[in-house]
Amino acid sequence: MNSRERVLAALRGDPVDRPAVINPGSIMTVELMDFVNASFPDACRDPELNARLASTGFNELGFDSTYHHYTIVQESSALGCEIQWEQKDNWPTVVMSRPIWDHPDQIKIPPGFLEHPDTLCVLKATEILKTEIGAEACIVGKTMGPWSLGYHTFGVQNFLLMSIDDPELTKIALNKLKEISVLFGLAQIAAGADVLMFPDHATGDLVSGEYYKRFLLELHQEMEERIPCPIILHICGNTLDRLDYISQTGMAAFHIDSKNDPHEAMKIANKRIQLVGNLNNPELLYSKEPEDIRKVVFNCLDAGMNLIAPECAIPLATKLQNLIEILPRSKLRRFVQIGSSDEYGDAPSPQHEEMREKPISPYSLAKTSSTHLLQMLHRTECYPAVIPVSYT
């Protein structure tokens, strides 16, 4: 069972050879950006840099999936929202204090939405990843849900007030916004995505579980019917009050925040939907030590979760060692990274391991970076890595 097969089986609830370790949220760090020379914001807007950085999750860290949506901005940028692009130590974001719409009648998908540089970057990067590692790795895409798009385009406060003052008008807005979710989702599937992350931030600190039922349950059921791939729904915060409703959507999985007890969540889900996530970002992955991470991972496994992942996009200064610790090390007897003679570029044959690497393509650069990382871990922590290379 390879990584792609493992993730898709786990999302179906089928038996797996080991729990799948995935990233339905960004696991990119400044260290990884420097490692492959692909930094924010350029890696958010250039397809080759985007794919190069995303592949590190699979090639360097050993996750079973890739995820190349490092921001929440793609759809909103193409719709005309103002974007704050930041630098490599921060994520680009939508300037929600300057909404572009104030009434559902204004909602429209502009011509060329899928050809906009920010949506096109994602689609082209998906094609690159599918071509280079798609046979082995699960390619996870993302399309923002209509509630999240409402925040981006109307402003958070304005959208929430509309949901209180005029619920029917809010439903009209959601039904228009959902077409953006479907359009971008279908385009990513056509480009090669195996799975779609579906963030729809009706979060526990802003709206109630009954709000979810009232505004989003039927809409999410419709998304599951119209988008022909496994969907991972993401909602931040404590969501146990709506998990029973979420379990009725038909979606493949729910990405849960660390504010939710995994044992209680698994009881509520009751095998109707798979659960993934729960590893705290700021207090655990960023601040704690590897042994602390192992305890939380095992707690998720003990609860019956077969998909292990951080709860959301990780802090950009997270230590790589803490990310690697998410992998089920207790069952790891050997980590085999298949090397390539491409790492030596156009050096004349025969090549040998004493030669200096000279990568000349994104693929060979990723392979070389992976080799260096594993060599470092083997030297410093006795990580059981083996890198066989067939020389020509």
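Digging into the overall build of the protein
A tally of regular secondary structure across the protein gives 16 helices and twelve strands. Over its C-alpha atoms the protein spans a radius of gyration of 21 Å, differing by no more than 12% from the 21 Å that the globule rule assigns to 392 residues. For the protein, the proportion of contacts with a sequence separation of at least 24, taken over those separated by at least 6, is 72%. Put simply, the protein shows about 16100 Å² of open surface, and 50% of that area lies on carbon and sulfur atoms. Across the protein, the mean location of the 35 positive side-chain charges is 3 Å away from that of the 52 negative side-chain charges.

Describing the pairing of strand β6 (residues 195-199)
Burial of β6 is extensive: five of the five residues sit out of reach of the surface. Here β6 shows no split at all, with V195, M197 and P199 on one side and L196 and F198 on the other all buried. Where β6 meets strand β7 (residues 231-234), four bridges bridge the pair, whose relative direction is parallel. Residue L196 lies in a different strand from β7, and its bridge partner there is I231.

Let's talk about unusual backbone geometry
Between F40 and the following residue, P41, the backbone shows a cis peptide bond with an omega angle of -5°. Summarising the element assignment, P41 is placed in the loop between α2 (30-36) and α3 (47-59). At N37, a position not held by glycine, the phi torsion is positive, near 55°. Residue position: N37 is located in the loop between α2 and α3.

Considerations on the pattern of salt bridges
Taken as a whole and judged by the stated rule, the model has 18 salt bridges. Here D14 makes a salt bridge to R12, at a shortest N to O gap of 2.8 Å. On the basis of relative accessibility, which here comes to 31%, the residue D14 falls in the partly exposed class. Linking D241 and R242 is a salt bridge whose minimum nitrogen-to-oxygen distance equals 2.8 Å. Here the salt bridges do not stand alone but share partners, grouping R6, D17, R18 and D64 into one network.

Thoughts on a nonpolar patch on the surface
On the surface, V336, I338 and V386 cluster together into a nonpolar patch covering about 240 Å² of accessible area. Mapped onto the secondary structure, V336 falls in strand β11 (residues 335-336).

Describing the packing of aromatic side chains
By the definition in use, this model includes ten aromatic pairs. Taking 6.3 Å as the distance between ring centres and 65° as the angle between the ring planes, the aromatic pair formed by W101 and F154 counts as edge-to-face. Taken together, the residues W101 in the loop between β4 (93-94) and α5 (117-133) and F154 in helix α6 (residues 146-154) connect sequence positions 53 residues apart. Accessibility assignment for this pair places W101 and F154 in one class, buried. A centroid spacing of 6.3 Å and a plane angle of 75° characterise the contact between W147 and Y151, whose relative ring orientation is edge-to-face. Of this pair, W147 and Y151 both sit in helix α6, four residues apart, which is roughly one turn of the helix. Connected via pairs of aromatic rings, a cluster forms that spans W101, W147, Y151, F154, F159, Y211 and F215.

A few points about the nonpolar core
Ranked by size, the top nonpolar core spans 100 residues in total, and within it L53, L61, W147, F254, L275 and I326 carry the most contacts. Among the elements that take part in this core, helix α8 (residues 167-191) stands out by supplying eight residues, more than any other. Among all residues touching L275, those that are not within four sequence positions of it are L243, F254, I256, A265, M266, A269, M305 and L307. Core analysis: the second largest hydrophobic core is formed by 17 residues, I22, C138, V140 and A253 among them.

Considerations on the sheet that holds strand β1 (residues 20-21)
The sheet built from eight strands is open, its strands ordered β1-β10-β9-β8-β7-β6-β5-β2 with parallel pairing. Whereas interior strands pair on both sides, the edge strands pair on one side only; in this sheet they are β1 and β2 (65-67). Strand direction decides the pairing type here: strand β9 (residues 274-279) and strand β10 (residues 307-310), joined by four bridges, are parallel. When the bridges of β10 are listed, V276 appears paired with L307.

What counts as what
- Residues numbered from 1 in each chain as written.
- Predicted model: local features only at pLDDT ≥ 70, side-chain atom pairs only at ≥ 80, totals over all residues.
- Heavy atoms only, no water.
- Helix = DSSP H or I, 4+ residues; strand = E, 2+ residues; numbered from the N terminus.
- Rg over C-alpha atoms; globule rule 2.2 N^0.38 Å.
- Contact = heavy atoms within 4.5 Å.
- Areas by Shrake-Rupley, 256 points an atom, 1.4 Å probe, with all protein chains shown as cover.
- Lys, Arg positive; Asp, Glu negative; His and termini not counted.
- Charge placed at Lys NZ, Arg CZ, Asp CG, Glu CD.
- Buried < 20%, exposed > 50% of the residue type's maximum accessible area, 1.4 Å probe, protein only.
- Pairing = 2+ DSSP bridges.
- Salt bridge = Lys/Arg side-chain N within 4 Å of Asp/Glu carboxyl O.
- Patch = residues over 30% accessible without salt bridge, like charges linked within 9 Å, V, L, I, M, F, W, Y side chains within 5 Å.
- Phe/Tyr/Trp six-rings, centres within 6.5 Å; stacked < 30°, edge-to-face > 60°.
- Core = buried A, V, L, I, M, F, W, Y, C linked by side-chain atoms within 4.5 Å.

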